[in-house]
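Fold and geometry: a report
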Amino acid sequence: MSDAQTLARPSAVMERQKRAIMRRNLFYVALVVVGLVAPFVAYPVFLMKVLCFALFACAFNLLLGYAGLLSFGHAAFLATGGYITGYLLASYPGLTPEIGIMAGTLVATALGALFGILAIRRQGIYFAMVTLALAQLVYFVFVQAPFTGGEDGLHGVPRGELLGFISLSNNLAMYYFVFAVFLFGFALIQRTVHSPYGQVLKAIRENEPRAVSLGYNTDMYKLVAFVISAALAGLAGSTKTVVFQLASLTDAHWHMSGEVILMTLLGGVGTLLGPIMGAGIVVSLQHVLSQSPLGNWVSVILGIIFVICVLSFRSGIVGEIARMYNKNFK
Amino acid sequence: MTMIFGVPLAVFMGQLTLGLVNGAFYALLSLGLAVIFGLLKIINFAHGAQYMLGAFAALLGFRYLGINYWLALILVPLVVGAFGMLLERYLLRKISHLDHLYGLLLTFGLALIIEGTLVNFFGVSGARYATPEVLQGGLDLGFMFLPTYRAWVLVAALAMCLFTWFMIERTRLGAYLRAGTENSQLMQAFGVNVPLLITLTYGFGVGLAAFAGVLAAPLYPVSPTMGSSLLIVVFAVVVIGGMGSIFGAIMTGLAMGVIEGLTKVYYPEAANTVIFLVMILVLMFRPAGLFGKEA
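Residues numbered from 1 in each chain as written. Chains lettered and ligands numbered in written order. Predicted model: local features only at pLDDT ≥ 70, side-chain atom pairs only at ≥ 80, totals over all residues.

Thoughts on the overall build of chain B
- Looking only at helices and strands, chain B has 11 helices and four strands in total.
- Considered along the principal axes of its C-alpha atoms, chain B spans approximately 65 × 50 × 35 Å.
- Buried positions account for 49% of the 295 residues belonging to chain B.
- Within chain B, residue pairs in contact and separated by at least 24 positions form 75% of the contacts whose partners lie at least 6 positions apart. (Helix = DSSP H or I, 4+ residues; strand = E, 2+ residues; numbered from the N terminus. Buried ≥ 20, exposed ≤ 12 C-beta atoms within 10 Å, placed from the backbone. Contact = placed C-beta atoms within 7 Å.)

Focus: the overall build of chain A
- A count of helices and strands for chain A gives 14 helices and two strands.
- Whereas a compact globule of 330 residues would reach a radius of gyration of roughly 20 Å, chain A reaches 20 Å, a difference of no more than 12%.
- Structurally, chain A occupies a C-alpha span of about 65 × 45 × 45 Å along its principal axes.
- Per-residue burial for chain A yields a buried fraction of 47% across its 330 residues.
- For chain A, the proportion of contacts with a sequence separation of at least 24, taken over those separated by at least 6, is 77%. (Rg over C-alpha atoms; globule rule 2.2 N^0.38 Å.)

Things to note about the interface of chain B and chain A
- Contacts between chain B and chain A engage 31 residues on the former and 32 residues on the latter.
- The leading source of residues in the side of chain B that touches chain A is helix H4 (residues 101-122) of chain B, at 13 residues.
- Here the residues of the side of chain B that touches chain A sort into 22 nonpolar, seven polar and two charged. (Nonpolar A, V, L, I, M, F, W, Y, C, P; charged D, E, K, R; others polar.)

Some details on the packing of helix H3 (residues 44-67) of chain A against helix H10 (residues 218-244) of chain A
Residues and elements named next belong to chain A.
- Where H3 contacts H10, the axes come no closer than 9 Å and their chain directions differ by 170°. Taken together, the axes of H3 and H10 are roughly antiparallel relative to one another. On the side of H3, the interface is formed by Met48, Cys52, Leu55, Phe56, Cys58, Ala59, Phe60, Leu62, Leu63 and Ala67, while H10 contributes Lys222, Ala225, Phe226, Ile228, Ser229, Leu232, Ala233, Leu235, Ala236, Thr239, Lys240 and Val243.
- Along the lines of polarity and charge, the residues of the contact of H3 with H10 split into 18 nonpolar, two polar and two charged. (Axes fitted to C-alpha atoms, helices over the stretch in contact; angles between N-to-C directions. Parallel < 35°, antiparallel > 145°, perpendicular 65-115°, else oblique.)

A look at helix H11 (residues 254-267) of chain A
Residues and elements named next belong to chain A.
- Between the first and last C-alpha of H11 there are 20 Å, a value that for 14 residues agrees with the 20 Å anticipated at 1.5 Å per step.
- Burial runs high along H11: 13 of the 14 residues are buried.
- Once H11 finishes, glycine 268 follows within two positions and takes phi at roughly 135°, a positive value. (Expected span 1.5 Å × (residues − 1).)

Re the nonpolar core
- Counting 195 residues, the largest nonpolar core has Leu55, Phe56, Met129 and Ala133 of chain A together with Leu28, Ala236 and Met279 of chain B as the members making the most contacts within it.
- Here this core takes 18 residues from H3 of chain A, the largest share from any one element.
- Setting aside its immediate chain neighbours within four residues, leucine 28 of chain B contacts Ala157, Met160, Cys161, Leu208, Phe211 and Ala212 of chain B. (Core = buried A, V, L, I, M, F, W, Y, C linked by C-beta atoms within 7 Å.)

Focus: the environment of glycine 126 of chain B
Residues and elements named next belong to chain B.
- Relative to the assigned elements, glycine 126 resides in the loop between H4 and strand E3 (138-140).
- Assessed through the 15 C-beta atoms surrounding it within 10 Å, glycine 126 is described here as partly exposed.
- Glycine 126 sits 100 residues away from methionine 226 along the chain, and the two C-alpha atoms are 8.5 Å apart.

Given below as structure tokens:
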């Protein structure tokens, strides 16, 4: 399409935009239908794991893909959400799961605000190192704190009854709850990305000095993005704890921060659907590998995928598909 | 018995030397990171893995080839450094034109591969590497007992730091390196082989890590994961000191080691975390780092 054409017929452009949005909405509806039918086709616990990590990766992607900030410490939020929810639900039997999840998310959000205030004082590579170091601090706190169970973690967290009357011990009920949580998180990210705020965020990613010169308080924008991202990562961790009824140090380890980067990178940084696909692939891969003779090689294989992604597959699966689609159908 | 703030002098001095020794490792590793960062503008996430490779090469070289400690101290940094040069030449160079965060991610992937491979062959439990005979035992200084090997590590690490400083500040190659750090494109226009310089610099940084690894082998259990947790602390040290100056990297490394050692004496619960807490303070009051230039 040439500029002359678009200038000549503005109505055609609007028409095309309308069609694009319509197509997008149709696509979302299709995805929701797939999500609703999925537990009858695949094992629900596996799907829940995918959804929790997909939400985690989407939250991470909001920061890396749209604000251009590489956090190497997102495991801290996942683990904080998980531990707080796990501790509350295990020690206060009267609490319903949604209260536990909200509390976990809230604490992760507060931690995100603290991390964010400190980390946005440095840019680029330093930002990554600061977040990594802060997450390691949180890791050591969880190792030593009395309520986390140290190396053993928290076990036997009850799933409880949603709103006090829907038992979540049934995997199907649990699945639909997790799916709803995921949709909420995804919708929030989708809304954020396409809002004026999201546009400013992208402007900061592309050229921060210019955004500053246009009068935007870029630190504030970055901080808000960091807090939203941390909150949703915490929500993912809290939900995961309810599903698997445990919280452990694995979630707080820096390997986990690396894994979420890999999921996002593999699926496509800065695409809405990429992190979901990346999470699906990485979780499936771990699942398959752990039952094969290659079980001990998971971390090596993830490392190899990492290297390949960085060297020659930087736009990720969804990014590549989008590029092919744009080339051939537009 | 002499007491210092309620702690016996011998205990105090013991932890102080231990802290200094740890600090020497922080200094060596953050120096290597800073040298690499200066020219390549990437943070070498594989630095911990390369440090671990140094320790492992010393261990395996002794076990299977009979290479003694002193030979290992010279050979291992060269071998691991050469391995680093291959990584730079065939992997890192391919992405050098991209955002430098990709370099961080690539080296992270490499660290996973190296660490994971060694875990599969040697497990996670640590192996012991014998201290060379000359350096066994210790000196009784009257107020404390100083193990000879610890004293040697301090001397060797500081000598290596000094050597690095000399190479960078007082030699022609070092002048090229400093010029390349300022403006590598202009350097290339002047006819300097910048890609080769970059390869050599990366190899040198990796060699420094491997040297630290050999020094560490008799001191700590040699295991595939010995590097990664250390590296995160070194990252915090780098954030505290900034990567602007060599002197800054060395001083910050030593100081953080001492602070960690003293925390072990007075408040052991926080010994693991104190460096991160210092980092938070520095970020709050001097965000560019103690010796940093840029914001």
